[in-house]
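Chains, contacts and geometry: an overview
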Amino acid sequence: MSFPSDGEDAAVAGDPVVLEITDTSSSAESGSPSSPRPPPVAVSDLSRFHPLQSPTVTVRADRRRLIDRSSYFRALLGGSFSESGREYVQVGCNLEAAVQVLRYLFEPSESFPITHHNFLPLLEGALFLAVESLLVDCERWFHTMASQTSATLVSLDFIIEVWYFAQEHGVTFVQDICPEYLAQNFTHVISRRSFNKIPYDLLCSTVECPHLTVDSEKQLCEAILYWVSENTKSCEQKNPDSVDGHTFLLSKVKICLLPLEFATGTKRHWFDFGNNIVCTILNLLKDSLKTLMDAIADGNLEGYCIRITEYSKNIVLSGCPQIITAFLYISVLPTDLDVSLKRRIVSSYTQVDHQSFILYDELEKAAKTLSFRNVHMVDLSKCPNVHFGAAIDWLKLAFPELRIFRALHCLAFHFDDLLYLLLRCPWIDEIDMTIDTSTITPKQSIVSSSSEVLGKVKQNPRRYYTPCPPYDRQLNSVSSNISRLILEGRNDIDDVDLLKISVLKYTLCYINIRNCTLLTDNGISNLLLKCTKIHSMVVSYTSFGNQSIQTLCTTDLPDHNDGHAHVMAFNIQELHLGGCRGIDAAALSQLMSIINITKFLCLRETSLTDDGLCKFFGSRLEYLDISETVVSMVSLAPVIRRNCNLNCLKTAGCHSLLFEHNEVEHISGNKYGDFLQEIGSTGFLEDVEMGWGFCPIQIENLIPSFSKVRRLTVGLGTTLAENVLCALPMICPFLESLTLRFQVISDRVVRNLLESARNLQVLCLHYCLGNLTSFSFQEKAPALRILRLQWVTPWITNDDLTILTKNCNLVELSLSGCKLLDSNSQEIISSGWPNLALLHLEDCGQVTVEGVSSILNCKALEDILLRHTGRGIGRSIVDDAIRELPLLRKLALDLCDACEEGYDSPSNVEGRMMRSLRMSRCKTMRGTCLELPREGSSKPVHRDTIVLEWNSTRLTTTIVKERV
C-alpha cells in the first residue's frame, strides 16, 4: 500500500500509519471479508464526518504522535507486538470517542475546544486510549464548568449522563464535582424538567453537600417530595429498600425551619411526615430557648441553622412563626466557635435585652461571624417572634451587599425600626413592611372609637442604652440608597413620620402608602415637595387630595437645582389613586393632562369624568383601572385604541359605559359590537374586570382580544351567555382566576371550567343564578387553590364537601348560604384541607353548634370568618384561636353564634400576628343576652360591629353601625 508524500497532511508527514477503527458499540453488521476496505482519510477531514455514516473509519495518522500522546498506541505501535511495525492497524472501540480523541491529538487546541457536546466522547476515548493529557484537560474543563454559578450553562440531562458514565467507569473527579455543582445551583436545578431523573445516589450526595444552596428550607423539601413522589413506584419495583432511601432524603430537611403553612400542607399526601413537622414547629413555639440549649449540649445545633452559603442570593423565612432572633445569629457563626459562646448567643438573643447588644459589639469587634456578600434579599415576613432591632444588626453584620428586605405582616417591625434599618444598612435599595389594611373605611358610620397604647412593645434597646441622637437626626448624615419603600396598611404612621422619610429625597423613586389612614393631604404634599425623584406612587385610600395634586403639577419646586422648570407629574410612571375622595374633578383633570408617560394608572372610586379621561393623551399604558367612576365610552375608547400595550383593563361598576349602539357609532365611527375586537387589534389583555357597557357579548367578540387573559372578573351589568361561559377555557386558554357575579350558570359551565381550564387556580361565584347541583364539582381540579361560593350552592352537604376535598387542594375556602352543613363539616374541612389559610363560613347551617375544635386543627389559618354558623362557640374563642393558630391575623365572629352570651377580649397578643378582630351583633339581641330567632321569624339583621385593630403600638376599639 502506498501513501502520498508531498503536500500530505502534517498529521502524517513523519511515520504514517493507517488506523481502521470499527465501532464495537454499533449494532450494524460488519461487511463481508471480501468487501473492499474503505479508503483512508486524513485526520483533518474527520471534522466533516458528523454524524458518522459508517461503523468503520480508516484514518491516516502520524505514528510518532500517537505513541507520544497515548499509552494505548504506545503499547500497540511501539512495543514488541507483531502489530507494532505494521502500516495498517485495526482498532475496535467506540467510534465516536476514537474520532474525537484523534481530532484532539492532531487539531490545534484553539479550533477544537472541549464542550458539553463532545465531553463524554472525549472522556470515554481518553480512558480507552489512555490519553493522559486529555484526561487532565477533561478534568480541568469539568472543574471550570462546575465553578460557574449559573445553571444555564449546561443542561441537567448532561450532568445526569456524565454521572452515570462516571459511576460505570469509576471516574472519581466527576463523582466529586457533580454533587458540588448541583448543590451550588440547586435553586436552578429543581426547576428543570429532568429533576426527577436525577439518580438517587447523586441526589443524596447533593443534599449532603455543605454548599447546598437554596432560598429556603421549603424549597429543598418541596424538591425532595416531588422527586420521591415521581420515583416511588419505579424505585419500589427495582429496589425493595427504596422507602428507607426516601426516608434518608427527607431526614436531611431541617424541618424546624419550614413554614407552618407548607408543613400543614404536607399532611395531605405525607401525613406522618407532615404531622411530625407541625408538632416540631408547635413545640418550638412553646420553648425555643430550651430546645436550642439542648441542641447545643447534644451537638445538634446545625439542625437549627439557616442554610446560608457563599453562593446564596436569597434568604426566605416567610411564614415561620417559630423563628426567633437567636436562629439568625447562630446561622452566621463559624462551626468551630466555642460552645460557651454559642450558649451566650442563644440565651441572649432568645429574649433580646441590653446584654444582647453588648454581645453583638463583641461579635462585631472579634469578627466571630461570617459575611455573605452574594445575599441580595432577606424575607422575614410573618415572623412575629423576631426582634427587629437585633435582626437589623444581624443584617449589617452578615450581608454587606443586601439590596431587598421584606417584613410583611410584622406588627413588631415599628417605624423606629425602619429608621434604624436605614441608619445601619444604608446600602439597601428596597424595603417592604406591608400589613393588612384596616377594615374601617371612610364610608362606614362610626358610633364610637377609642385606643390604648400596647403594654408590651418590642422596642430597640440599643436606642435607649446607647447615648446617641434620634435616628432621624443621624439619617441626615447618612447616604441612603433606598429607591423603593412600601408602607401599605401602616395606619400607625403619621405626617411627622412621613417627614422623616424625606431624608431619602435623593434616591426615593417608588412609595406605597396605601391605606395609611393617619396621613393628611398636607403631609403627603410635604413629602412630594422634598422627594422630587418619586415617579411611582401608590396612595390609594389615603387623604391624598388637591394639595398633593398641585404639588405634582407645580413648575418650581424647592430643592431642585436643575436650572429649569421641573414638574413631577411629567415623570410619573405609576400612579394609584383608588378611593382618594379628596380629589375634585378639576384637579384630577389637570393631573391627567400632564401624566403622558404613565404605564400603570388606577383611578377607581375617584371623581374621574369623561372630561378628565379625555385629557389623558398617554400611549404607554399597561394597566388601567377606572372602576366605579362615571366615565363612558366617549373617553375610554380613544384611550384603549391609543395604548397598544394595555394588558390590564378594569371597568367594573362604570354605569355610564352602557350606551346605545348608535351613540357609540356616532362618537367612534365604529359599531359597539366591534369594540372588543378593536381591543384585540391593538393588544392582548391579561387582566380584565368588566360590568356595565360590555353586553351583549358574542364569542367572536372575545377572540383574539381575550386569548391571553389570565384573570377575568365579570360583574353586574354584563351577562355572559351559557355558550360564552362554556367556551371560556377555549377563549382564554391561560385562565388562572375567574370571578363571576350575578351571572346565570349551570352544571355544564362549572364542570367544563374545572375540566378544561387546567391552569385555573381561583374560582369565585357570587350571587349567581342557575340550576347548579352537586354534579358541578365532581371534576378533579388539581390546580384550584381558592374557591369562593357566595349564595350559589345551598344544596352542599358533607358528602359534597368530601368530594371537593378529593378533587382539589384548597388554601382558601369561602362558603355562604350552605345551610345543610353541620358540625361534622369541620372535620371534613380540616382533614381534607389541613393547609387552609383562609376559611369563611356564613349562614352555613350548624357547623359550629358543637364548638370549633376541628377548625383550630388547621394550624396555618390566617383569616377566619364565622357568622350564623350555629350557637356553640365558647367565650374563650378569641384567646383559643390566637393560641392555637400562630399565623392568625384576622378573626370575624357573630354574637349570634356565642353559646355563653358573648366572647372574651384577647388577654395577650404579644408574639402573635393579630391585626383585627370583628364581632357583629344582630337586632335580635336583647342587652348582652342572645336570643335565637324563633322558627318562622325573619333573617337576623346586623345592628353593629365591634372592631378591635392592632398596629405596632396601639389597640383601637371601634363600633361601626353596620356589619364589617
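No experiment lies behind these values; they were computed from the predicted model shown.

With that settled, the discussion passes to the pairing of strand S3 (residues 56-62). Moving residue by residue along a regular strand, the side chains alternate between the two faces of the sheet. For S3, the buried fraction is high: seven of the seven residues fall into the buried class. A two-sided burial pattern is seen for S3, the buried positions comprising Thr56, Thr58, Arg60 and Asp62 on one face and Val57, Val59 and Ala61 on the other. As defined by bridge partners, strand S2 (residues 41-42) adjoins S3 across two bridges and the pair is classed as parallel. Of the residues in S3, the one forming a bridge with Val41 is Val59.

Here Asp379 lies in strand S6 (residues 377-379). An unpaired buried charge is present at Asp379: no salt bridge exists, and Arg406, the closest side chain of opposite charge, is 4.8 Å distant. A polar atom in the side chain of Asp379 sits 2.6 Å from the side chain of Ser381. If sequence neighbours within four positions are ignored, Asp379 has contacts with Ile315, Val316, Leu317, Ser318 and Arg406.

A word on the pattern of salt bridges. For the structure on display, the rule yields 35 salt bridges. Between Glu430 and Arg484 there is a salt bridge, with its nearest N and O atoms 3.7 Å apart. Residue Glu430 is found in strand S8 (residues 430-432), and its partner Arg484 is found in strand S10 (residues 484-486); the two are separated by 54 residues along the sequence. For Glu430, a relative accessible area of 13% gives the class buried. Arg484 sits in the partly exposed class, given a relative accessible area of 30%. For Arg581, the salt bridge identified is with Glu605, shortest N-O distance 3.9 Å. On the criterion of sequence distance, the pair formed by Arg581 in the loop between strand S13 (574-576) and helix H25 (585-592) and Glu605 in the loop between strand S14 (600-602) and helix H26 (610-614) is long-range, its members being 24 residues apart. Residue Glu605 is classed as buried on the basis of its relative accessible area, which comes to 13%. Linked through salt bridges whose partners overlap, the residues forming this network are Arg604, Asp625, Lys650, Asp687, Glu689 and Arg711.

Moving on, we get to helix H31 (residues 722-731). Among the 10 residues that make up H31, seven are buried, leaving the element largely enclosed by the rest of the structure. Among the residues of H31, Val724, Leu725, Cys726, Ala727, Leu728, Pro729 and Ile731 are the ones counted as buried.

This part is about the confidence of the model for the protein chain. Per-residue confidence for the protein chain averages 85 on the pLDDT scale, and 85% of its residues sit at or above 70. The low-confidence segment residues 462-468, where pLDDT is below 50, has 11 contacts with residues more than four positions distant or belonging to other chains. The low-confidence segment residues 660-674 (pLDDT under 50) makes 17 contacts with residues lying over four places distant or belonging to another chain.

Once that is clear, we can look at the packing of aromatic side chains. By the definition in use, this model includes 19 aromatic pairs. When the centroid spacing of 6.4 Å and the interplanar angle of 20° are considered together, the rings of Phe195 and Tyr226 count as stacked. Of this pair, Phe195 sits in the loop between helix H8 (186-189) and helix H9 (200-207) while Tyr226 sits in helix H10 (residues 217-238), and the two are 31 residues apart along the sequence. The exposure class of Tyr226 is partly exposed, given its relative accessible area of 36%. In this structure an aromatic cluster arises from ring pairing among Phe119, Trp141, Phe142, Phe158 and Phe173. Seen from the ring of Tyr510, Arg484 lies directly overhead, with NZ or CZ sitting 3.8 Å from the centre. Geometry around Phe684 places Lys708 over its ring, the cationic atom sitting 5.1 Å from the centre.

What counts, and at which threshold
- Residues numbered from 1 in each chain as written.
- Predicted model: local features only at pLDDT ≥ 70, side-chain atom pairs only at ≥ 80, totals over all residues.
- Heavy atoms only, no water.
- Buried < 20%, exposed > 50% of the residue type's maximum accessible area, 1.4 Å probe, protein only.
- Helix = DSSP H or I, 4+ residues; strand = E, 2+ residues; numbered from the N terminus.
- Pairing = 2+ DSSP bridges.
- Lys, Arg positive; Asp, Glu negative; His and termini not counted.
- Salt bridge = Lys/Arg side-chain N within 4 Å of Asp/Glu carboxyl O.
- Polar contact = N/O pair within 3.5 Å; in protein donor to acceptor, adjacent residues only side chain to side chain.
- Contact = heavy atoms within 4.5 Å.
- pLDDT = per-residue confidence, 0-100.
- Phe/Tyr/Trp six-rings, centres within 6.5 Å; stacked < 30°, edge-to-face > 60°.
- Lys NZ or Arg CZ within 6 Å of the ring centre and 35° of its normal.

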